[in-house]
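Coordinate analysis (summary)
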Amino acid sequence: MKLLIVDDDEQIRTGIQEGIDWSALGIQNVITAANGLEALERFNEHFPEIVITDVRMPGMDGLELLRRIKQISPITRVIILSGFNEFEYLKAAIQLDAVDYEMKPIKARSLIALIQKVKEDIIRERMTNQEFNKYLQSYKNNFATELLAGGISDRLIILEGLQQYFSFDATGTLIGISVIIDGNGNGDFIKTTADKMIDIFENSELSSRGLCLKIREDKLFFLLKTETISQLYCQQYISEIINRLRMWNRELKSNGLNTFSAGISNPINVSEFIVLLNQAHQALAVRFYKGNGSIHLYSKMEELQEGAISGLLENVEFKSYLARGDLKAVGLMVHNEFEHLKSGSKYSRKSVSAYSRSLLQLIMITLTNLPGDIFDFVQGEIISLEERSEYLSFNDVENIVLNVLGNIEERLSKKLSPIMVRAEEFIHRNFTHELTVEMLSEYIGKTPNYFSHLFKRELGITFKEYVTRLRISKAKELIINTNDLIYEISEKVGFSDYNYFTQVFKKIEGHPPAFLRRKECSSLDNTSK
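Here's what I pulled together on the structure shown here. The residue count restarts for each chain, going from 1 along the sequence in the order it is written. Per-residue local features of the predicted model are confined to residues with pLDDT of at least 70, and side-chain atom pairs are confined, for both listing and counting, to 80 or more; whole-chain, interface and lining totals are unaffected and use all residues. Side-chain calculation: all heavy atoms of the structure are included, whereas hydrogens and water are not.

1. A closer look at the layout of surface pockets
Keep this limit in mind: Here a cavity is any set of points on a 1 Å grid over the protein atoms alone where a 1.4 Å probe fits but cannot get out, and a pocket is any open set with protein on both sides within 12 Å along at least 5 of 7 lines; a residue lines the site when it has an atom within 4 Å of a point. Grid points are joined across faces, edges and corners, and a volume is the space filled by probe spheres set on the points. By definition, any uninterrupted DSSP run of H or I lasting at least four residues is a helix, any uninterrupted run of E lasting at least two residues is a strand, and each is numbered from the N terminus. For this scheme, ten residues count as nonpolar: Ala, Val, Leu, Ile, Met, Phe, Trp, Tyr, Cys and Pro. Four count as charged, namely Asp, Glu, Lys and Arg, and the remainder, Gly too, count as polar.
Taken as a whole, the second largest pocket holds about 430 Å³ of empty space. As for the second largest pocket, its lining consists of 14 residues, and the residues nearest its centre are Lys219, His281, Leu284, Ala285 and Arg349. Taken together, the elements giving at least two residues each to the lining of the second largest pocket come down to helix H10 (273-285), helix H11 (287-290) and helix H14 (349-366). Residue contributions to the lining of the second largest pocket peak at four residues, all from H10. Its residues assigned to classes, the lining of the second largest pocket comprises five nonpolar, three polar and six charged.

2. Regarding the packing of helix H17 (residues 418-430) against helix H18 (residues 437-444)
In plain terms, the rule: For helices, the axis comes from a line fit to the C-alpha atoms of the stretch in contact; other axes are also lines fit to C-alpha atoms, and the angle between any two N-to-C directions lies between 0 and 180 degrees. Roughly parallel means an angle under 35 degrees; roughly antiparallel, over 145; roughly perpendicular, 65 to 115; everything else is oblique. Crossings are classed by handedness, with left-handed meaning an anticlockwise turn of the near helix from the far one by less than a right angle and right-handed meaning a clockwise turn. Residue contacts are counted whenever heavy atoms from the two residues lie within 4.5 Å of one another.
Between H17 and H18, the least distance of the axes is 10 Å, while the angle of their chain directions is 130 degrees. When the axes of H17 and H18 are compared, the pair comes out oblique. Both H17 and H18 take part in a crossing whose hand is right-handed. Counted together, Ile419, Arg422, Ala423, Phe426, Ile427 and Arg429 of H17 and Leu440, Tyr443 and Ile444 of H18 form the full contact between these two elements. Per-class residue counts for the contact of H17 with H18 are seven nonpolar, no polar and two charged.

3. What about a nonpolar patch on the surface?
Convention followed: In this analysis, a patch consists of residues with relative accessible area above 30% that form no salt bridge, clustered at 9 Å for like charges and at 5 Å for the nonpolar side chains Val, Leu, Ile, Met, Phe, Trp and Tyr. For the accessible areas, the method is Shrake-Rupley and the probe is 1.4 Å, while residue cover comes only from the protein chains on display. A pair is scored as a salt bridge if a Lys or Arg side-chain nitrogen falls within 4 Å of a carboxyl oxygen belonging to Asp or Glu.
Residues Leu485, Tyr487 and Tyr498 make up a contiguous nonpolar surface patch of about 290 Å² in total accessible area. Structurally, Tyr487 can be placed in helix H21 (residues 486-492).

4. Focus: the nonpolar core
What counts is decided by this rule: Put simply, buried Ala, Val, Leu, Ile, Met, Phe, Trp, Tyr and Cys residues joined by side-chain atoms within 4.5 Å make one nonpolar core. Summary of the burial criterion: residues with accessible area below 20% of their type's maximum are buried, those above 50% are exposed, and those between are partly exposed, where the area comes from a 1.4 Å probe applied to protein chains only.
Counting 67 residues, the largest nonpolar core has Phe318, Val352, Ile427, Phe451, Phe455 and Phe463 as the members making the most contacts within it. Leave out the neighbours within four places in its chain, and Phe451 touches Met420, Ala423, Val437, Leu440, Ser441, Ile444 and Phe463. Counting residues in hydrophobic clusters, the runner-up holds 48 residues, among them Met1, Leu25, Ala144 and Leu276.

5. A look at the pattern of salt bridges
As enumerated under the stated definition, the model contains 23 salt bridges in all. With a shortest N-O distance of 4.0 Å, Glu49 and Arg126 are connected by a salt bridge. Here the residue Glu49 occupies a position in the loop between helix H2 (36-46) and strand S3 (50-54), and Arg126 occupies one in helix H5 (residues 108-126), the gap between them amounting to 77 residues. You can call Arg126 exposed: its relative accessible area is 54%. Here Arg216 and Glu390 are joined by a salt bridge, their closest N and O atoms 2.7 Å apart. Highlighted residues: Arg216 in strand S7 (residues 210-216) and Glu390 in the loop between helix H15 (372-387) and helix H16 (394-412), separated in sequence by 174 residues. Each of Lys191, Asp195, Lys214 and Glu217 takes part in salt bridges that share partners, so that together they form one network.

6. Quick notes on the environment of Val421
Along the chain, the position of Val421 falls in helix H17. Judged by relative accessible area, Val421 falls into the partly exposed class, the value being 33%. With 215 residues separating them in the primary sequence, Val421 and Leu206 have C-alpha atoms 70 Å apart.

Written out as structure tokens, the structure reads:
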């Protein structure tokens, strides 16, 4: 919608235009004019649905402007502002079908409420009752979504929206509580737990001074009002909240439902609503280290960092153990690394998850003799770490990495038959040249069919796929450790067709070889800084 503001006082005109976040109210275009004549030109140019105009202006007053606008567009809503409480002005405005007559100075929150009402009246006329009710519900949901995403910072719009849509008076001091239902975020069981928690809240005394907003099926956000700004009172009130939340967890558990974890902000005024949101979310993030069912009060000292973790990725000794295939030493260093990270508890879930994925990728790159089934298993765990990151605890992430190492060690400890040992050695010596099943079967003295069957049984992968993965693995090493051009690398590892090489690389790695080169260059640049 469009709004036209008309006033010969530039301070009032600009104050209305810039003092309110109109886009948050669904007003996409705000036009201004300094008098009635200019306003009529602007109106004919933009055809705004709503006009706010002063009465007394040079050239053409507000009442004449109202009459002209109604001649052009009878459905346009015009609000009259005046510094004079005179009956004749009010009477004339009513006769000319003004929607309201407000005395100056009008309060911003009152104007927001008035514009919201006028806007809804316009929309109501364009819709059936059923459509309008759907619109209101959708607008309410969008307001809550935008608010909880930190997209609304205008204090007055937050106050008015919470009052209008949720009958919640947010003046004074507020406490925010960010809640996630423990689990994997899927299924009816999560929804049942969230619904039960909402029901417990609505039947508690907290509901009389609080509000529950649903972010999604497994995430809730509570807003609670404090009765006073007294620090001692707020501390006691927060202690009561923590005890009540723990009691709710016990009740949910006794009913066979999931527990929840929560983060609680410090007491904050609505003018700093985004700070309140961030504090509650930061407090909830500590759940990563403390585990499910934990309740946390925000502390600046416990804010988790989003930075990249280098750790073992740049550890020469670790890479040396990997290159030699000493997986026991590798596993011990990984375990000690996670113990160190946990004792510090300073990195976010996102950072630890990204670091763990990088560790697994380094393992895949360095251990060139990984069987196909293990290679696929490691790739699956990397994807799982990324997709399930939000729901994993620190211990979960550590267990995934150590479990991968355990599986690799177990798989590689299986003895290959003498025939397959010879075949593997031949492949590693000659993978840069053309290799076929017929060549290998002749080399070991077996028929091609028997060799293919034996190869798949012992190595868990077909001969062709084994050679392809070996070549791609070697290509990754060269991309990371040399400055060779990528097309040169493709030839060095046995691909005669560069386009085919890039297709195979992307299929196996999920991205083209150039992406890996850019990533490594970026990593080196960041390290040098």
